[in-house]
Amino acid sequence: MILLDGKKLAGKIQQEIKKDVDLLKQGSITPGLAVIMIGDDPASRVYVKKKAEACKEVGIYSVVHEMPDNIKEETIVNTIKLMNENNSINGILVQLPLPSHINQTKILETIDPKKDVDGFHPFNMGRLFLGLDSFVPCTPLGVMKIFKEYEIDLKGKNVCIVGASNIVGKPMAALLLNAFATVDVCHIYTKDLKEHTKRADIVIVGVGKAGLITEDMVKDDAMIIDIGINRLENGKLVGDVDFDAVSKKCSYITPVPGGVGPMTIAMLLSNTIKATKL
Ligand code: GUN
């Protein structure tokens with residue numbers, strides 16, 4: 001079994017990005033990222049902090065706009081519009097989830113597609129599904145970089161994605177289809193999950209349920225990509241895969257932590273550089 005070391009790959013990519021940032025700065029351009037965070041979700045707080053730290057490490061200017069849970073939708077819209085017009089901001093990211101009184105679609109559609117470093121705007125999502133150049137959501141983009149680094153040929157592979165969210169499962173499916181894989185997308189209404197995962201050469205799971213994928217659900221020598229992040233009662237961080245049992249049976253597996261998570265952050269930095277170069 002080969003451990004897919006996302007942490008190491010992310011470190012390598014961040015070094016490249018730092019060189020890019022240094023070059024941009026020589027031309028008096030400092031890439032800038034604005035992060036909008038609404039409410040006080042503890043997980044979101046951790047992610048936003050990590051994103052800001054990563055920006056600092058590579059020399060990207062970042063600003064975090066924190067807003068209370070009871071903020072008016074109009075105030076968020078106006079903040080985004082200001083960022084759209086602000087020339088020192090190249091990328092805009094609204095941390096999800098949003099409080100239930102806020103219309104997420106309206107917020108995401110307010111972001112200028114050229115600054116949409118999360119790739120969640122319908123313009124970018126549409127282009128992604130058409131196989132056109134676009135901003136690609138960071139987590140699925142990070143998974144594709146892992147495939148590239150480990151020279152995994154996706155053509156004709158059976159891939160089972162577990163979780164059909166707009167930010168992971170759906171864009172992941174589009175990227176894999178564009179790479180000519182055969183894609184199964186499973187979700188909470190899937191009747192027999194095991195029937196799907198068992199057939200797959202590659203299983204990609206990101207639903208936030210510890211221990212969902214057990215050893216009997218994967219075929220021998222399958223490749224396992226675990227996007228889940230779950231904190232157990234004892235404080236331990238685990239993915240959605242029963243790592244100890246599944247890792248004995250598979251050919252490749254991402255650990256949690258140290259797998260896809262660091263790649264998500266590296267791809268955000270990469271998308272911010274892409275937006276700056278635009
Ligand atoms: N919430 C969970 N994942 C993400 C992400 O990749 N981007 C944003 N903006 N919010 C998230």
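Note that the structure is predicted; figures quoted are calculated from it, not measured. (Residues numbered from 1 in each chain as written. Predicted model: local features only at pLDDT ≥ 70, side-chain atom pairs only at ≥ 80, totals over all residues. Heavy atoms only, no water.)

1. Notes on the pattern of salt bridges
Side chains that carry opposite charge are capable of pairing whenever their charged atoms lie near each other. What the rule picks out here adds up to 15 salt bridges. Among the salt bridges present, the one from Asp112 reaches Lys114, with a minimum N-O distance of 3.7 Å. For Asp112, a relative accessible area of 18% corresponds to the buried category. Across the pair Lys274 and Asp133 runs a salt bridge, and its minimum N-O distance is 2.9 Å. Taken as a pair, Lys274 in helix H10 (residues 260-277) and Asp133 in the loop between helix H5 (122-129) and helix H6 (138-149) lie far apart in primary sequence, 141 residues in all. The class for Lys274 is partly exposed, based on a relative accessible area of 28%. (Salt bridge = Lys/Arg side-chain N within 4 Å of Asp/Glu carboxyl O. Buried < 20%, exposed > 50% of the residue type's maximum accessible area, 1.4 Å probe, protein only. Helix = DSSP H or I, 4+ residues; strand = E, 2+ residues; numbered from the N terminus.)

2. Structural notes on the sheet that holds strand E4 (residues 91-94)
In space, the three strands of this open sheet follow the order E3-E2-E4, with parallel pairing throughout. The outermost strands of the open sheet, each flanked by one partner alone, are strand E3 (61-67) and E4. Ignoring which end each strand starts from, the neighbouring axes of this sheet average 15° apart. Alignment of strand E2 (residues 32-38) against E4, held across four bridges, turns out to be parallel. Of the residues in E4, the one forming a bridge with Leu33 is Gly91. (Pairing = 2+ DSSP bridges. Axes fitted to C-alpha atoms, helices over the stretch in contact; angles between N-to-C directions.)

3. A look at the sheet that holds strand E7 (residues 202-205)
In spatial order, the strands read E1-E11-E8-E7-E5-E6; together these six strands make up an open sheet with parallel pairing. The two strands at the open ends of the sheet, each matched to only one other strand, are strand E1 (2-3) and strand E6 (182-186). As paired elements, E1 and strand E11 (residues 252-253) share two bridges and run parallel to each other. Following the sheet pairing, Ile2 is matched in E11 by Tyr252.

4. A look at the nonpolar core
Ile76, Phe147, Leu176, Ile202, Ile204 and Ile225 are the most contacted members of the largest nonpolar core, which has 71 residues in total. With nine residues, H10 is the single largest residue contributor to this core. Residues in contact with Leu176, not counting those within four places in the same chain, are Met144, Phe147, Leu154, Val159, Ile161, Ala181, Val183 and Ile204. Formed by 17 residues, the second largest nonpolar core is a distinct cluster that contains Val162, Val218, Ile224 and Val246. (Core = buried A, V, L, I, M, F, W, Y, C linked by side-chain atoms within 4.5 Å. Contact = heavy atoms within 4.5 Å.)

5. What about the site of the ligand?
Around the ligand, the neighbouring residues are Lys51, Leu93, Val94, Gln95, Leu96, Asp118, Phe120 and Ile167. Between the ligand and Leu96, the relevant distance is 3.0 Å, taken from a nitrogen atom to a main-chain nitrogen or oxygen of the residue. When isolated, the ligand has an accessible area of 280 Å², and the protein chains bury 82% of it. (Near = heavy atom within 4 Å. Polar contact = N/O pair within 3.5 Å; in protein donor to acceptor, adjacent residues only side chain to side chain. Areas by Shrake-Rupley, 256 points an atom, 1.4 Å probe, with all protein chains shown as cover.)

6. A look at helix H2 (residues 42-58)
Between its first and last C-alpha atoms H2 spans 25 Å; for 17 residues at 1.5 Å apiece the expected length is 24 Å, and the two agree. What H2 keeps buried is the set Ser44, Val48, Lys51, Ala54, Cys55 and Val58. The buried residues of H2 occupy an angular sector of 125° when projected down its axis, which confines them to one face. Opposite the buried face of H2, by more than 90 degrees, sit the exposed residues Pro42, Lys49, Lys56 and Glu57. Residues of H2 that are buried in the fold lie against helix H1 (6-26), E2, E3, E4 and H10. Positive backbone phi, approximately 90°, marks Gly59, located one or two places after H2. (Expected span 1.5 Å × (residues − 1). Arc of directions from axis to C-beta.)

7. Some points on the state of the cysteines
Counted by the stated rule, this structure contains zero disulfides. Unpaired in terms of disulfides, Cys55 finds its nearest cysteine sulfur in Cys138, a separation of 11 Å. Of the cysteine sulfurs around Cys250, a residue in no disulfide, the closest is that of Cys160, at 15 Å. Judged by relative accessible area, Cys250 falls into the buried class, the value being 4%. (Disulfide = S-S within 2.5 Å.)

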